[in-house]
Amino acid sequence: MSLNEYFSLVFSDYTLRTITLGTAILGAVCGMLGSFAVLRKQSLLGDAISHAALPGIAIAFLITGAKDSNTLLLGALVSGLIGTFWIKGITSKTHLKSDTALGLILSLFFGFGMLLLTYIQKQPNANQAGLDKYLFGQAATLVESDVWLMAVVTGLCLFVILLFWKEFKILLFDPDYTKTLGFNTRIIDILITSFIVLAIVLGLQTVGVVLMSAMLLAPAAAARQWTNSLSTMVILACIFGALSGVFGTAISASQNNLSTGPVIVLVASVFVLFSFIFSPSRGVLFRQLRFIKNRRDLEQHKTLAFMYHIAKTHDNISHPHTIKILNNFQGFTRGTLQKLVKKNYVELDGNMWSLTDDGFKKASNLYNQQNNE
Amino acid sequence: MAQNIAVKVDDLTVAYNYKPVLWDIDLEIPEGVLMAIVGPNGAGKSTLIKSILGILPPIAGSVTIYGKPYKKQRSLVAYVPQKGSVDWDFPTTALDVVMMGTYGSLGWIKRPRQKEKKAALEALEKVGMLAFKSRQISQLSGGQQQRIFLARALVQNASIYFMDEPFQGVDATTEIAIINILKELRKAGKTVIVVHHDLQTVPEYFDWVTFLNVKKIATGPVKDIFNDDNLTKTYGINYKVSIQE
């Protein structure tokens, strides 16, 4: 199937439509909540949460013996929440820094989860096959009810974010100050964190434990590059996330046997890469260009100012001088001289240069500006 | 001098680990003073403010604002945190940060409206930052960021202001602008408490001072207690400050 075929089929084919909708919604909700995680400098929390969810999946399977995705996700939710609040507990009650706590809980829970998975695989229960799909996710297993669940959670999440927008924003920016205003910061914190856990758990089936945190961070990190407003950032992250879902699914469906989760994550990473390079205000490319341009401008201005100081000692400002004099001035290059000629500030005649009226005026204004500052 | 007591601290003790950061602090701050809290690094100056404001839980002790527990009097108190305590790359504008000062009176869920915006703009004007209202906060200088923080507290229209090193890392122009605003607040009958580092400016800026080094060394009017004796007791070395008139 080619990409074109995919896009012609996506509205009619039930499976394709379900998977595409599912990954798009997942991308959107992850982008939305990821913005908060990134701005709280809790980028790694997502990684810890998704890994912490693994033992929950295994235990839920051990208890029920069935592979119903809702039951397994409930297990994931419980163990994800336990892991998260352990991390918070460790950070606030011990001397350990949050990165240590994150690493500790991540490996502890993930190790335990893997242990349970291998234990389950040794069991005679025929149902067990495919539980390891939760490691890297399998979008193909999405059914309509999964998508409905995602849609409901996303709607709820949107509602809560809109309702507590002001509280979320101030907590993200200045938690201490928020406390002095009389807000219970613990409640706001628990609310945000719980939704992040929920979004991650929703994504486990599609993207899997290992790559889930990228779904959270990549759209948000990309969005941050394009805007200086929190609301725009959240909306952009939503869009980037949804597009990653759609294009990731499209690419994986059109290239046989490409696993969907990793492709979605790669598409999201392309968004990040593109944003880091091409964002007009924060991107590497334009910042470098601005830097070079500023340097050039300054070089020209300095050269012009140097010429002005020489020229103003003469009655005739266009009195010619040798280019050699300019060598005394450190910032001088032939290139700058050529550019000044092109701008009609300077005229060249063999080895001699002279300021034009324009150049003199420009230089004297430059000088005044410097003096006024 | 029959003054109201704005802030009363009793037996306040705070510890992060085993070693107390503040030990048995008793403090009465009269209404309408402009007070500096001075002391060496690690003396617990910021901690004192933070535990008065309930940001840090004390081990023991109590704080009352005009005779009632702080929790019931929050609306009377405004806080200016240290500038370095937040991430200035946060995606928001100067006006938006100042608007946050209105969130407390709004309470949960309610959104700021025209009235709140107007108050925020007025506060921006007071600190001379109206022209920068739409500026992304990372593009403000350190002094401008400090003024934004000050404006955010002004918007709260409180009776008591706690400020954590508002002069840190600002240029001379901003320092003068800020101290003028603080003096105006005092003139309006407000109480202003400032963690301060520059001993040279204490007599010029403040009328009340508290010496702190884990324990309270002294508190009172600058003209009575700002002397070499208390400075030496607080800083532990033979400190001599020439007090300029």
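Now for a look at the structure at hand. Along every chain, residues carry numbers that run from 1 in the direction the sequence is written. By the order in which they are written, chains take letters starting at A while ligands take numbers starting at 1. Only residues with pLDDT of at least 70 are given local features in this predicted model, and only at 80 or more are side-chain atom pairs given and counted; all residues enter the totals for whole chains, interfaces and linings. In computing side-chain properties, one takes all heavy atoms of the structure into account and sets aside hydrogens as well as water.

### So, a negative patch on the surface
Residues and elements named next belong to chain B. Under the convention used in this document: Note on patches: the residues involved have over 30% relative accessible area and no salt bridge, like charges join within 9 Å, and the nonpolar side chains Val, Leu, Ile, Met, Phe, Trp and Tyr join within 5 Å. Throughout, the Shrake-Rupley method with a 1.4 Å probe supplies accessible areas, and for residues the shown protein chains are the sole cover considered. The salt bridge criterion pairs a side-chain nitrogen of Lys or Arg with a carboxyl oxygen of Asp or Glu, the two atoms within 4 Å. Residues scored as positive are Lys and Arg, those scored as negative are Asp and Glu, and His as well as the terminal groups of each chain are ignored. A charge is said to be at NZ when it belongs to Lys, at CZ for Arg, at CG for Asp and at CD for Glu. Only DSSP runs of H or I with at least four residues qualify as helices, and only runs of E with at least two residues qualify as strands; both kinds are numbered from the N terminus onward.
A cluster of acidic side chains, namely Asp-11, Asp-24, Asp-26 and Glu-28, defines a negative patch on the protein surface. Of all the elements, strand 2 (residues 20-30) adds the most residues to the negative patch, at 3 residues. In this fold, Asp-11 is placed in strand 1 (residues 5-15).

### Some points on the pattern of salt bridges
Filter applied, for reference: The cut-offs for exposure are 20% and 50% of the maximum accessible area for each residue type, with area from a 1.4 Å probe on protein chains only; residues under the lower value are buried, those over the upper are exposed, and the others partly exposed.
Under the definition given, this model contains 12 salt bridges over all chains. Residues A:Lys88 and A:Asp189 are paired through a salt bridge, measuring 3.2 Å at the closest nitrogen-oxygen approach. Placement of A:Lys88 in helix 5 (residues 69-93) and of A:Asp189 in helix 11 (residues 185-207) is noted, with a sequence separation of 101 residues between them. Note on A:Asp189: relative accessible area 15%, which makes it buried. For the salt bridge of B:Asp89 with A:Arg282, the shortest nitrogen-to-oxygen distance reads 2.8 Å. Taken as a pair, B:Asp89 in the loop between strand 6 (77-80) and helix 2 (94-99) and A:Arg282 in the loop between helix 14 (260-278) and helix 15 (284-311) lie in two separate chains rather than in one. Each of A:Arg40, A:Lys88 and A:Asp189 takes part in a single network of salt bridges with overlapping partners.

### So, the packing of aromatic side chains
Quick reminder of the rule: Two rings from Phe, Tyr or Trp (for Trp, the six-membered ring) form a pair when their centres sit within 6.5 Å of each other. Planes less than 30 degrees apart are called stacked, planes more than 60 degrees apart edge-to-face, and all others tilted. Charge over a ring is defined by NZ of Lys or CZ of Arg lying within 6 Å of the ring centre and within 35 degrees of the ring normal.
Counted by the stated rule, this structure contains 16 aromatic pairs over all chains. Between A:Phe173 and B:Trp88, the ring centres sit 6.0 Å apart and the planes meet at 85 degrees, which makes this aromatic pair edge-to-face. One end of the pair, A:Phe173, is in helix 9 (residues 165-173); the other, B:Trp88, is in the loop between strand 6 and helix 2, on a second chain. With respect to class, A:Phe173 is no different from B:Trp88; both count as buried. Plain terms: the ring middles of A:Phe183 and B:Trp108 are 5.5 Å apart, the flat faces sit at 80 degrees to each other, and that makes the pair edge-to-face. Placement of A:Phe183 in the loop between helix 10 (175-180) and helix 11 and of B:Trp108 in the loop between helix 3 (103-106) and helix 4 (114-126) is noted, with the two residues assigned to different chains. The partly exposed category is assigned to B:Trp108, whose relative accessible area is 35%. Site record: aromatic cluster; members linked through ring pairs are A:Phe36, A:Phe164, A:Trp165, A:Phe168, A:Phe183 and B:Trp108. Directly above the aromatic system of B:Tyr103 lies the positively charged group of A:Lys166, at a separation of 5.6 Å from the ring centroid. Above the face of the A:Tyr177 ring, B:Arg152 is positioned so that its terminal group lies 3.4 Å from the ring centre.

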